[in-house]
Amino acid sequence: GAVVSQHPSRVICKSGTSVKIECRSLDFQATTMFWYRQFPKQSLMLMATSNEGSKATYEQGVEKDKFLINHASLTLSTLTVTSAHPEDSSFYICSARDRTSGSSSSYNEQFFGPGTRLTVL
Amino acid sequence: SQQGEEDPQALSIQEGENATMNCSYKTSINNLQWYRQNSGRGLVHLILIRSNEREKHSGRLRVTLDTSKKSSSLLITASRAADTASYFCATDRGYSTLTFGKGTMLLVSP
């Protein structure tokens, strides 16, 4: 089955530093990857949609200069949290969609990574 | 913004009982999906129901969809302790862009 990995699984950093999180599709090519954040005992909030070779599309209220997304290949997207603050502490989850289908009316299953726990001190 | 609203927020039952979770949404959808999340882990896709379907089954799972009421329900029959997790509905507004509900935390006691 389709597998998506994230690295690291946990990261602790100091305020003001930048943290990069990787999302990889291991056995399929992902035209589109999605980045979500989840606060404790809350739902997933879509942050941005990342398309290979183009700029990410950010959801309203998400600072694109704060959360840098790069989707340089069909198997890798990265999220960089710049100048991290304690309020950025959260669970970040990525998902990837197989490139084999692309119609808005067809179902294109998303495969989710295991998540990255970010703690900013 | 959150579109799906699940209820109940938390559900505690005994093994063998059935668990029913409900989800409401606000706009038109291509499909609605249910996911499971164990504490601190990623999401596992459980079942998808398309907008032109009314009911779907998968093992011990039964999902219904009422597009006129913009609501869906997930029924887990004969629950097990291993079913303990959070369950989320997610609506697909197109191109697999998902909007997640707030989730139901299910606790199944042995």
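As a reminder, the structure under discussion sits directly above these lines.
Here we summarise the structure given alongside this text.

Overview of the nonpolar core
Thinking step 1. In this structure, Val 4, Trp 35, Leu 79, Tyr 92 and Leu 118 of chain A are the most contacted members of the largest nonpolar core, which totals 24 residues.
Thinking step 2. Elements supplying a minimum of two residues to this core: strand 2 (10-13), strand 3 (19-25), strand 4 (30-38), strand 5 (44-51), strand 7 (67-73), strand 8 (76-81), strand 9 (90-98) and strand 11 (116-120) of chain A.
Thinking step 3. Dropping the residues within four chain positions of it, Tyr 92 of chain A is found in contact with Gln 6, Ile 21, Tyr 36, Arg 37, Met 47, Phe 67, Leu 79, Gly 115, Thr 116 and Leu 118 of chain A.
Thinking step 4. Counting residues in hydrophobic clusters, the runner-up holds 20 residues, among them Tyr 25, Ile 47, Val 63 and Cys 89 of chain B.

Comments concerning the sheet that holds strand 3 (residues 19-24) of chain B
All names here are of chain B.
Thinking step 1. Taken together, five strands build an open sheet; the order of strands is 1-3-8-7-6 and the sheet is antiparallel. Strands with a single pairing partner mark the edges of an open sheet, and in this sheet they are strand 1 (5-7) and strand 6 (55-58). Pairwise comparison of adjacent strand axes, ignoring direction, gives a mean angle of 15 degrees for this sheet.
Thinking step 2. Relative to strand 3, strand 1 runs antiparallel, the two being bridged by three bridges. If you follow Glu 6 over to strand 3, its bridge partner there is Cys 23.

A few points about the environment of Arg 54 of chain B
Residues and elements named next belong to chain B.
Thinking step 1. By the element assignment, Arg 54 lies in the loop between strand 5 (43-50) and strand 6.
Thinking step 2. Expressed as a C-alpha distance, the spacing of Arg 54 and Ser 73, which sit 19 residues apart in the sequence, is 11 Å.
Thinking step 3. A polar contact is formed between the side chain of Arg 54 and the backbone oxygen of Ser 51, at a distance of 3.2 Å.

The rules behind the values
- Residues numbered from 1 in each chain as written.
- Chains lettered and ligands numbered in written order.
- Predicted model: local features only at pLDDT ≥ 70, side-chain atom pairs only at ≥ 80, totals over all residues.
- Heavy atoms only, no water.
- Core = buried A, V, L, I, M, F, W, Y, C linked by side-chain atoms within 4.5 Å.
- Buried < 20%, exposed > 50% of the residue type's maximum accessible area, 1.4 Å probe, protein only.
- Helix = DSSP H or I, 4+ residues; strand = E, 2+ residues; numbered from the N terminus.
- Contact = heavy atoms within 4.5 Å.
- Pairing = 2+ DSSP bridges.
- Axes fitted to C-alpha atoms, helices over the stretch in contact; angles between N-to-C directions.
- Polar contact = N/O pair within 3.5 Å; in protein donor to acceptor, adjacent residues only side chain to side chain.

This is a description of form; function is not addressed.
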